[in-house]
Amino acid sequence: MSGAAVRNTHVDPPHGGPAGGEAWSAKGAAAWLPAGVAIRTEGLGKRYRLGELRDRWQRRTGQYLWALRGVSFEMRQGETLALIGRNGAGKSTLLKILARIAVPTEGRALVRGRVASLLEVGTGFHPELTGRENIFLNGAILGMSRAEIRRKFDAIVAFSGVGPFLDTPVKRYSSGMHVRLGFAVAAHLEPEILVVDEVLAVGDASFQKKCLGTMDAAARHGRTILFVSHNLHAVRSLCRRALLLENGRVVQDGPVHEVVDFYLRTVDGVPGDAAEAQWPADQAPGDEATRLLAVRVRNAQGAVSFHQYLDEPITLEMEFSVHRAGMSVNTSFHVYNAQDVCLFATADFHRPGWEDRPLPPGRYRAACQIPAHFLNEGLHRVSAIVVQERKYFPARRDKVVSFVVHDRGELRQGYAGVWIGAVRPVLPWVVEPIGGVP
Amino acid sequence: MIATDGRIDSPLATEGVLAPPSGPTHFLDGWPAAGDGVVVIEPPRGLVSIGLRELWRHRELLYLLTLRDVKVRYKQTLLGPVWVLVQPLLTTGVFAAVFAVFMRGAAPSVPGVPYALSTFCGMAAWVLFANGLTRASASLINGQHLMTKVYFPRLILPLSAVLSGLVDFAVTLVVLGCMMALYGVVPSWRVAWLPLYAAWAVGLSLALGLWLAALGAVYRDFGQVEGVLVRIGMYATPVAYTTSSIAHVLPGWARQLYALNPMAQVVEGFRFALFGAADPPGAMLGPAMALTALLGWGGLWVFRRMEGMVVDVV
């Protein structure tokens, strides 16, 4: 912040505004933001009316929904902040208010600097216009001047890779070209504050990587970035800080890893200690023959832990009881990733000496170890199944425990983007010379 | 962006913001900006500003959106702007035929000016207004995909809708000029008034368009109002006839009321500017202008009050 700006904004008290407090919200009162602060919200709230608008004529009292209530936070210039939370938690509403698209119902926000909102790729593209015309239109819509677009035009075209089709109407573009062109324009925006919503949800993996890389570069250049995404990996690698919203309120504000972990533990109603589930004998899932007693995830040190690491083995464990003699019993785990893809199913009949022999009545513990460098980062859920006679499984609980795999970053060699793939094995590689340059 | 208020020109300079101009914020300035380019986002209350400065800062967007409207209208057409002429020419032809049949040639036109020319002149003014109004009324609904994704002064949407009609108007003027040459009608120096009357028509279409755009985005009923206004309005305006031709039928108060219709002033103004024998503007010129200004001011106010709500309901 330059000294000149500070001098010009006179010296108001940091929070009281012009003496009196009450007059603070009066229109035209000089807004005061401390130097170095990019965004400050004060009790921001947004209320929507539910139901048909016509109801308003019939009865004055409508049904209201507060999409956002009492949201106060501050963001410093150059900070990268993620908004996370379930669908409908108010993330997009907050983004839209800060981008000046929607108007708050109460409270206020102070924003310093030029804001660019990227809520969609290719906003305002007109299908009838050519790629060239749309670059100018889209650029202007996103807040660039024509001189600025002209200056960056060649770079935008090169980045998008649609050069040969520049004078073709965009309606004849493939959807991939459409997205690439839109993103190319957006990537050349140079705002002080960048507001980004789920843009990464479109496009293929390589496009997403490009998106993230661009935002990462913007962050490193000192841009203030406010980022909403369900891609928690992207959130982790891009942002230092996160706000967790729930029903329109901020429930957590802190370092990104803490907030994301808290969110993962509470998401989908998974109880607090997600790495362990156990039942008293009379409530245990199962029937009169077998019962599932407990399921746990243990780390390399043998402790029950929600947090696991890429480079350490993970142990899945279940306890079960067998009540009927002469019955063949085996156990199985199914492991799902955050996208709900079943990564693998494993069963204990590979262990030596299983051979379909009946398991005598009693209590048992079954455990299997997932090797280090096998799963990729992120949230995983585990289903535990006790199988009778290799076909009945009354003692079964789906996605009953979960754990999150963290990347300590040692094997990334500085690469910060999404490491795609359901699994992340470390494979033996050979790179050898086969001759000189032709 | 153009740094008109001390906002930094190159965002690459991450140091932030340059020294601001000091002094109180004027209500025309739009978002109350603190000295160093801090924008305050809060619920609108009381007298909302027009945001002229904000509008000026986005003038290039206004230009590009207007250009887009014009371009898109004629893309993939063979005849392009010729279509602009089809409707007014056909309507003029129909009126001419009707009056020729029923009135035996005693069609109400400016003395010494052929009926077709007198009517096409009125039609040029009317189409300028009516198309502007139609487009401005629909501008918020048509622009909702933009409004819900990015911020810009919402006034740009009806403004560009109205301005894009000027290209059509230019085409119409060329044909009007050809018709005048054909009939041997030579305009005098009074033709200088024409741009002013055209500006009035555009201003009126914007004034009414602001009302209908804002109200129509929230309550779709107002979309119907626009249709009625354009259809009935043409008959309440001396397009197919002249004001003097109905003057003797109307009682005094009705004449006054009729002349309060700003479009009646504009259409007669067009004729006054082009034809030597046309009537000069009457005493109701002032009140009609005042009415336009009032409508415009009210339209601006309603629009600015409702634009925030529009995003929530479109």
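To keep things clear, this report deals only with the structure shown in the data block. (Residues numbered from 1 in each chain as written. Chains lettered and ligands numbered in written order. Predicted model: local features only at pLDDT ≥ 70, side-chain atom pairs only at ≥ 80, totals over all residues. Heavy atoms only, no water.)

Next up on the list: the overall build of chain A. A tally of helices and strands in chain A yields 9 helices and 18 strands. The proportion of buried residues among the 438 residues of chain A is 51%. Sequence-distant contacts, at least 24 apart, represent 68% of the contacts inside chain A between residues at least 6 apart. Surface accessibility of chain A: about 20,500 Å² in total, with carbon and sulfur atoms responsible for 53%. (Helix = DSSP H or I, 4+ residues; strand = E, 2+ residues; numbered from the N terminus. Buried < 20%, exposed > 50% of the residue type's maximum accessible area, 1.4 Å probe, protein only. Contact = heavy atoms within 4.5 Å. Areas by Shrake-Rupley, 256 points an atom, 1.4 Å probe, with all protein chains shown as cover.)

Once that is clear, we can look at the pairing of strand β3 (residues 80-84) of chain A. All names here are of chain A. The element β3 is largely enclosed, with a buried count of 5 among its 5 residues. Every second residue of β3 is oriented toward a common face, with T80, A82 and I84 on one face and L81 and L83 on the other, all of them buried. Two elements, β3 and strand β7 (residues 224-228), share 4 bridges in a ladder whose sense is parallel. In the strand pairing of β7, L81 is matched with L226. (Pairing = 2+ DSSP bridges.)

It is worth spelling out the packing of aromatic side chains at this point. To describe a pair of aromatic rings, you give the distance between the ring centres and the angle between the ring planes. Under the defined criterion, the tally for this structure stands at 8 aromatic pairs over all chains. Geometrically, the ring pair formed by W126 of chain B and F129 of chain B is tilted, given 5.1 Å between the ring centres and 55° between the ring planes. Here the residue W126 of chain B and the residue F129 of chain B both occupy positions in helix α4 (residues 115-142), the gap between them amounting to 3 residues, near one helical turn. Taking relative accessible area as the criterion, W126 of chain B reaches 4% and is therefore assigned buried. Look at F129 of chain B and you get buried, because its relative accessible area is 4%. Between the NZ or CZ atom of R100 of chain A and the centre of the ring of Y151 of chain B, over which it lies, the distance is 3.9 Å. (Phe/Tyr/Trp six-rings, centres within 6.5 Å; stacked < 30°, edge-to-face > 60°. Lys NZ or Arg CZ within 6 Å of the ring centre and 35° of its normal.)

Moving on, we come to the side chain of T290 of chain A. All names here are of chain A. Its place among the elements puts T290 in strand β11 (residues 290-298). Of the residues examined, T290 reaches a relative accessible area of 0% and is grouped as buried. Reaching out from T290, the side chain makes a polar contact with the side chain of Q388 at a distance of 2.7 Å. Contact partners of T290, with chain neighbours within four places excluded, come to P285, S321, V322, H323, M327, V329, V386, Q388, P394 and A395. (Polar contact = N/O pair within 3.5 Å; in protein donor to acceptor, adjacent residues only side chain to side chain.)

In this section: the environment of R408 of chain A. All names here are of chain A. Of note, R408 is situated in the segment after β18 (392-406). As for R408 and Q301, which are separated by 107 residues in sequence, their C-alpha atoms are 17 Å apart. Not counting residues up to four positions away in its chain, the partners in contact with R408 are Y309, D311 and E312.

For helix α13 (residues 285-313) of chain B, with 29 residues, the first-to-last C-alpha span of 40 Å sits near the 42 Å given by 1.5 Å per residue. Helix geometry: α13 of chain B is bent most strongly at E307 of chain B, by close to 45°. (Expected span 1.5 Å × (residues − 1). Bend = angle between axes of the 7 residues up to and from the residue.)

What follows is about the packing of α4 of chain B against helix α9 (residues 221-235) of chain B. Two quantities define a packed helix pair, namely the angle between the helix axes and the distance between the axes. Residue and element names in this part refer to chain B. For the pair α4 and α9, the least separation of the axes is 10 Å and the interaxial angle reads 170°. Between α4 and α9, the angle is such that the two are roughly antiparallel. Every residue of α9 that contacts α4 at M123, W126, A130, L133, T134 and S137 is listed here: E226, L229, V230, G233 and M234. For the contact of α4 with α9, the per-class residue count stands at 7 nonpolar, 3 polar and 1 charged. (Axes fitted to C-alpha atoms, helices over the stretch in contact; angles between N-to-C directions. Parallel < 35°, antiparallel > 145°, perpendicular 65-115°, else oblique. Nonpolar A, V, L, I, M, F, W, Y, C, P; charged D, E, K, R; others polar.)

All names here are of chain A. What the rule picks out here adds up to 32 salt bridges over all chains. For R365, the salt bridge identified is with E317, shortest N-O distance 3.9 Å. Within this pair, whereas R365 is found in strand β16 (residues 362-370), its partner E317 is found in strand β13 (residues 314-322), the two being separated by 48 residues in sequence. For R365, a relative accessible area of 58% corresponds to the exposed category. Residues participating in the shared-partner salt-bridge network are E276, R296, R298, E317, E319 and R365. (Salt bridge = Lys/Arg side-chain N within 4 Å of Asp/Glu carboxyl O.)

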